[in-house]
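# Structural features, examined
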Amino acid sequence: MLSKEDWLMIQAKARAGVFQKDIAAELGIHPKTVSRALHRGGAPAGKRNPRRSVLDAFKPLVDELLEEGVWNAVVIQQKLEEQGYRGGISILRDYIRPKRVLRKGRATVRFETEPGRQMQADWGQIVTTIGARSTRVHFAVNTLGYSRRMHFWGAEREDAEHIYEGIVRAFEHFGGSTDEVLVDNPTALVISDSSGRRFNPRFVDLAGHYGFTPRACKPYRARTKGKDERMVGYVKHHFFVLHRSFESLAHLNQLAEQWLAEVANPRVHGTVKEVVAERFRREAPHLRRLPAVRYDTSYLERRVASWDGYVDVRGNRYSVPDDYRGQMVTVRVGLGGTFQVLHGEEPIVSHRLRPFEKGWVTVPSHHERLWRETLNVEARDLAVYEKVATCSS
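What comes next concerns the included structure.

### Quick notes on the overall build of the protein chain
Along the protein chain, the regular secondary structure elements total 13 helices and 14 strands. The buried share of the protein chain, taken over its 393 residues, is 41%. Put simply, of all contacts in the protein chain between residues at least 6 apart along the chain, 62% involve residues at least 24 apart. Split by element, the accessible area of the protein chain, about 22,400 Å² in all, is 53% carbon and sulfur.

What follows is the structure in structure tokens.
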């Protein structure tokens, strides 16, 4: 039996043009019940038990997302659907609307930077579909402080090497580097010890390579780089709502480049009231020229080549030439799935990473001398053993 509140909702949504079957789905009732109520012109008399909403079981999750600052109903609906929600968005918006007065304030002191002065770097993450599998994707968002032009890049993890790679790709996307880069306080970049807070030496090396001054937000004051914090939300609530599945991470990044060119850059920015692309044209001449050699963001690991001519890398074994057995080598693992083995500064060999279950990776020419040594064993005439047997008898 319908309550008066149910009837008022049916009446309001019918006036708004919502289909009867959608009204029924939101209230968890049969479409004929909606039809009869509209024909009757009111709720039936009598008592009934309160009807549960399809949203009831998911309200704690909605409240949790609101507390985390996620107020976009489309994004919240996507999160709920991942947990089995099958209701509509109207009932969700109706639940969120009265709570907006509780939304935490965002008052902060705004500052504007000169062209080419600063890039703000941050990371976000989201669960999306990659190759038909639910996958957590980390994404770098780098925003120029003056023009608000941004670059974002999806990755499988958020460690130091990927943070460096995100910054390098942003500089290459913009065609130059800035005077300074403002980052948060990830341990990959900022080290805290008894001497205070200092930057990771490799991040300092990256800064020197591109000529920028590294800056970090004060702890617990991420809003210092609010321009980029807002761009993380912009990417999450627009790009990842527009695109909900991807064939691969490379496909995601291909669509990201297209989205930046067709949607993000041509938009009128809400704060500066200018087209981002036009504002960037004024900033571009102030960017620093990129160095001739790209910074190497590879993982650097030290290994001892085994006596059978292999090195262990990421759970599998890969051959190295015989001359380097038993010697210390450097393994430079790139972010693209390949790695290089070096002895000192000299490159020895390159391999492509592959899972252990597919077997060791062996280049036959690497072990030619080892095989010769193994096969060069003294061969004795069996007659020697016959003489020994005769003497003993």
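So, next bit.
### Concerning the side chain of His 138
For His 138, the position within the fold is in strand β2 (residues 133-144). Its relative accessible area of 14% is what places His 138 among the buried residues. For His 138, the side chain forms a polar contact with the side chain of Glu 158, separated by 3.2 Å. Sequence-distant contacts of His 138, that is, excluding residues within four places in its chain, are made with Trp 123, Gly 124, Gln 125, Trp 153, Gly 154, Ala 155, Glu 156, Arg 157 and Glu 158.

### Comments concerning the nonpolar core
A general trend in soluble globular proteins is that nonpolar side chains are found buried together. One finds Met 119, Ile 167, Val 181, Phe 203, Leu 206 and Phe 212 to be the most contacted residues of the largest nonpolar core, which totals 28 residues. The set of elements that each furnish at least two residues to this core consists of β1 (118-130), β2, β3 (150-155), α7 (160-174), β4 (180-183) and α8 (201-210). When residues no more than four places from it in sequence are discounted, the contact partners of Met 119 are Asn 142, Thr 143, Leu 144, Ile 167, Ala 170, Phe 171, Phe 174, Thr 178, Glu 180, Val 181 and Leu 182. Membership of the second largest hydrophobic core comes to 20 residues, among which are Val 137, Met 150, Phe 239 and Phe 246.

### A few points about the pattern of salt bridges
Within this structure, the stated rule accounts for 19 salt bridges. Notably, a salt bridge pairs Glu 301 with Arg 303, separated by 2.9 Å at the nearest N-O pair. Among the residues examined, Glu 301 registers a relative accessible area of 16% and is labelled buried. Taken together, the salt bridges that share partners define one network made up of Glu 114, Arg 117, Glu 180 and Arg 215.

Parameters and conventions
Residues numbered from 1 in each chain as written. Predicted model: local features only at pLDDT ≥ 70, side-chain atom pairs only at ≥ 80, totals over all residues. Heavy atoms only, no water. Helix = DSSP H or I, 4+ residues; strand = E, 2+ residues; numbered from the N terminus. Buried < 20%, exposed > 50% of the residue type's maximum accessible area, 1.4 Å probe, protein only. Contact = heavy atoms within 4.5 Å. Areas by Shrake-Rupley, 256 points an atom, 1.4 Å probe, with all protein chains shown as cover. Polar contact = N/O pair within 3.5 Å; in protein donor to acceptor, adjacent residues only side chain to side chain. Core = buried A, V, L, I, M, F, W, Y, C linked by side-chain atoms within 4.5 Å. Salt bridge = Lys/Arg side-chain N within 4 Å of Asp/Glu carboxyl O.

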